[in-house]
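Listed here are the chains, written in short residue letters.
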Amino acid sequence: MTGIHQVSQSRKAAASGWIGSALEYYDFFIYATAASLIFPQIFFPSENPTVAIVASLATYGVGYVARPIGAFVLGHWGDTHGRKTVLIVCMFLMGLSTMAVGLLPTYHQVGILAPILLVVLRLIQGFAVAGEISGASSMILEHAPFGRRGFYASFALQGVQAGQILAAAVFLPLAAYMPTEAFNSWGWRIPFLLSFFVIVAGYIIRREVDETPAFAREEGRGETPRSPIVQAIKLSWPDMLRVICMALMNVIPVVATIFGAAYAVQPAYGIGFAKDVYLWIPVLGNMLAIFVIPFVGNLSDKVGRKPPIVVGALLSGLLAFGYLYAISIKSVPLAIVLSLLMWGVVYQGYNAIFPSFYPELFPTRTRVSAMAISQNIGTTITALLPALFATVAPPGSANIPLTVGAIAFGITVIAALAAVTARETYRVRIDDLGNPKAVPIARADYDRQRTEAASGAAAART
């Protein structure tokens, strides 16, 4: 492979990961937004508002329940058939299921069938998204030049943040300018139906990227495993357990965008933030995150993966207390400032790094399976938290910020401890990744190769 071609493929892989993640997570997060703002009224009507909120947020969690299943199937596919193929499959499944949500009848039209169909489609969404980040991260990592893996892989998560911005941005004008009756009857469907463009754009983009050199070498040597999941669990279970624990950091976006939305907006809690005002809080945080993520990814190529993750986990957990307190005192300016700190800056110490750190813990032959399974188990656990939060801190209860904040901080401590016990990976060559006994290259050699890669003068094999 020529240097120019490798540089081109590195950039195409990063662009594919960015755009694909943005489009796919747009789908995933428009559901999350709707579950907080509108679904309690149209799919789960109840005389008890707490029951409606808990039921709606539980369907958000259902999508994560399907993720471990999707991780097993799609992870296997990515390790046996290639990274490129599995990403295209994920895109089609997500786009079609999201469009179907926009066509669903409501509870008032067909009764209990409406929430049943909603749950089925959410299961398909969760299945599809399970292979996205692990597949995209592995593809970018395996195309990236040595010494720049953290920077390039961070673009997969920058795309996720962009998808969340797009999801909220679509809802903002609808919530702000549509009459409530029109929004509740048909306006909420528009963002879901726009997923048609996800399918078209995603396919066009992802077909342009070559299969990764690392996977091609494994395939060429006949070393692609028949049962990558079995090999991953057998050989890499300690690191898979660490990833499960680190993935519990998903509690922070759950607090910021799911429970925080319900707490701020749902009438039963009595806070009374306007829907359109509240939607700006995660939007602004994500806009800041877009700028922070590549900076942190590049930093991890200099100082290592572990320090940013540990600092980001602990500080964002502490800031969760302040963010929820700001909502409780009905201070929109303070909630925005603390959202920017917690979600937009500090959390990115973890968020920008895991797309490189997780796949670096595993060998090429089982990378997608090991990362997909362990990450999705961790995020599935945290996705059940919105319903738990609404149960232990229901409308009318005291000390909601303290109760929910304490749970969130305890979880971030677990994630930080898991990162501390993991081995550092940023100076390990890609063919040696996943080997606990691998020796990192000398710092001076690493810095030299990293400088060459950054300047585009070298196309060193990753």
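What you are looking at is a predicted structure, and each value in this text was computed from that prediction instead of being measured.

### A word on the pattern of salt bridges
Scanning the entire structure with this criterion turns up twelve salt bridges. Taking the shortest distance from any N to any O, the salt bridge between R217 and D431 comes out at 3.2 Å. Taken together, the residues R217 in helix α13 (residues 213-220) and D431 in the loop between α23 (400-421) and α24 (443-455) connect sequence positions 214 residues apart. Residue classification places R217 among the buried residues on the basis of a relative accessible area of 17%. Between R305 and D301 there is a salt bridge; the shortest N-O distance is 2.9 Å. Of the two residues, R305 and D301, both sit in the buried class. One continuous salt-bridge network, built from bridges that share partners, spans D79, R83, E142 and R367.

### Digging into the nonpolar core
One finds F39, F43, W188, M246, Y323 and Y350 to be the most contacted residues of the largest nonpolar core, which totals 107 residues. Counting residues in hydrophobic clusters, the runner-up holds eight residues, among them L74, A136, M139 and V209.

### Notes on helix α4 (residues 67-81)
The end-to-end C-alpha separation of α4 is 20 Å, in line with the 21 Å expected for 15 residues at 1.5 Å each. Note on α4: the residue one or two positions beyond its end, G82, has a positive phi of about 115°.

### Describing the packing of aromatic side chains
Enumeration according to the criterion identifies 18 aromatic pairs in this entry. Consider the rings of F146 and Y446, whose centres lie 5.6 Å apart with planes at 85°: the pair is edge-to-face. Here the residue F146 occupies a position in the loop between α8 (132-143) and α9 (149-177), and Y446 occupies one in helix α24, the gap between them amounting to 300 residues. The exposure class assigned to Y446 is buried, which follows from its relative accessible area of 0%. On the basis of an interplanar angle of 25° and a centroid distance of 5.2 Å, the ring pair of Y350 and F354 is categorised as stacked. Judged by its relative accessible area of 3%, Y350 is buried. By relative accessible area, which is 5% here, F354 ends up buried. Cluster of aromatic residues (ring-pair linked, three or more members): W343, Y347, Y350, F354 and Y358. Here the basic side chain of R148 rests over the ring of F151, its NZ or CZ set 4.4 Å away from the ring centre. In this arrangement the basic side chain of R429 is found over the ring face of F146, its NZ or CZ atom lying 5.1 Å from the centre.

Rules of the game
- Position numbers for residues start from 1 in each chain and track the written sequence from start to end.
- Only residues with pLDDT of 70 or above have their local features reported here, since the model is predicted, and side-chain atom pairs are shown and tallied only from 80 upward, although totals for entire chains, interfaces and linings are computed over all residues.
- For side-chain calculations, the full set of non-hydrogen atoms in the structure is used, while hydrogens and water are omitted.
- Definition used for salt bridges: Asp or Glu carboxyl oxygen within 4 Å of a side-chain nitrogen of Lys or Arg.
- Secondary structure elements follow DSSP: runs of H or I of four or more residues count as helices, runs of E of two or more count as strands, with numbering from the N terminus.
- Buried means the residue's accessible area, taken with a 1.4 Å probe over protein chains only, is under 20% of the maximum for its type, while exposed means over 50%, and partly exposed covers the values in between.
- Think of a nonpolar core as a cluster: buried Ala, Val, Leu, Ile, Met, Phe, Trp, Tyr and Cys residues, connected wherever their side-chain atoms sit within 4.5 Å.
- A helix is expected to span 1.5 Å for every residue after the first.
- Working definition: rings of Phe, Tyr and Trp (its six-membered ring) pair if their centres are within 6.5 Å, and the pair is stacked with planes under 30 degrees apart, edge-to-face with planes over 60 apart, and tilted otherwise.
- Note on criteria: charge over ring means Lys NZ or Arg CZ within 6 Å of the ring centre, with the direction from the centre no more than 35 degrees off the ring normal.

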